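# Coordinate analysis (summary)
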Amino acid sequence: MSEILVGGVETFSTVDFPGKLAAVVFMQGCPWRCPFCYNAIIQKIGQQTNFLWPKFIEFLKTRIGKLDAVVFSGGEPLVQDSLADAIVEVKKLGYEIGLHTGGYRPEHLLKVLPLVDWVGLDIKSPLETERYQQITKTNHLKQVRQSLDLLLSSGKDFECRTTCDPRYLTIEDICQIGDTLSRLGVKKYFLQKYRPVPSDVHTTDSDCENLISSAQIIQNLKPKFAEFDIRK
């Protein structure tokens, strides 16, 4: 196979695949430029790296029975055409597969979805063109909606989640996102606390905490989902 381009690996995680002990592969490449991204260093594809895919596979062989899953994260994993081949190679070792995506390239999601056990879909803002453009600096909301539709019709286990950056989202925005997702049939929705990126010298932890801990958000959204929580 044509090896995937990787920006880094986390060899042990308890938070990237719900209920599973996982290794995480951070794949290079992302067309979006979200201002709260903590992996901005791997947004460009083709960067030099010391990562060797065969070496990672050998590592996974030593963790059989100790790790449950491998999560393909990013960046945006759906950028790379070799994703399916990499997933197949990992699945042959007996691991479950998780995928983190923003919903870019639904046609590629359709290809890999049969190989995946769980998906975390990042929802950046209210599902409105201008708001998505403001955050991602691209015009890909149509693709996001298509990816969400694919997940809803697939029967696969998945969650939607939103990083609550107070520079771009208000209490009303988050409630609107949740209302829309609930109406569409999403059963699992999680809010993630924004932690200021190094370039953000103005947002305080109190700003972040006040937004994500809003009683209005919790009261509005918790009854709408089978699973709803706040991740700090």
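In this report, we go over the structure that sits alongside the text. As the structure is a prediction and not an experimental result, all values here were calculated from the model.

## Concerning the pattern of salt bridges
Across all of its chains, the model carries 17 salt bridges by this definition. Measuring nitrogen to oxygen at the nearest pair gives 3.9 Å for the salt bridge that ties Lys91 to Asp117. Here Lys91, found in helix H2 (residues 83-91), pairs with Asp117, found in the loop between helix H3 (106-112) and strand S5 (118-122); they are 26 residues apart in sequence, far enough to count as distant. Asp117 sits in the partly exposed class, given a relative accessible area of 29%. Put simply, Arg131 and Asp173 hold a salt bridge, and the shortest N to O gap is 2.9 Å. One end of the pair, Arg131, is in helix H4 (residues 129-136); the other, Asp173, is in helix H6 (residues 171-184), and 42 residues separate them in sequence. Taking relative accessible area as the criterion, Arg131 reaches 17% and is therefore assigned buried. Taking the relative accessible area as the measure of exposure, Asp173 reaches 9% and is therefore buried.

Reading guide: rules and limits
Residues numbered from 1 in each chain as written. Predicted model: local features only at pLDDT ≥ 70, side-chain atom pairs only at ≥ 80, totals over all residues. Heavy atoms only, no water. Salt bridge = Lys/Arg side-chain N within 4 Å of Asp/Glu carboxyl O. Helix = DSSP H or I, 4+ residues; strand = E, 2+ residues; numbered from the N terminus. Buried < 20%, exposed > 50% of the residue type's maximum accessible area, 1.4 Å probe, protein only.

Bear in mind that shape data such as this cannot, by itself, settle questions of function.
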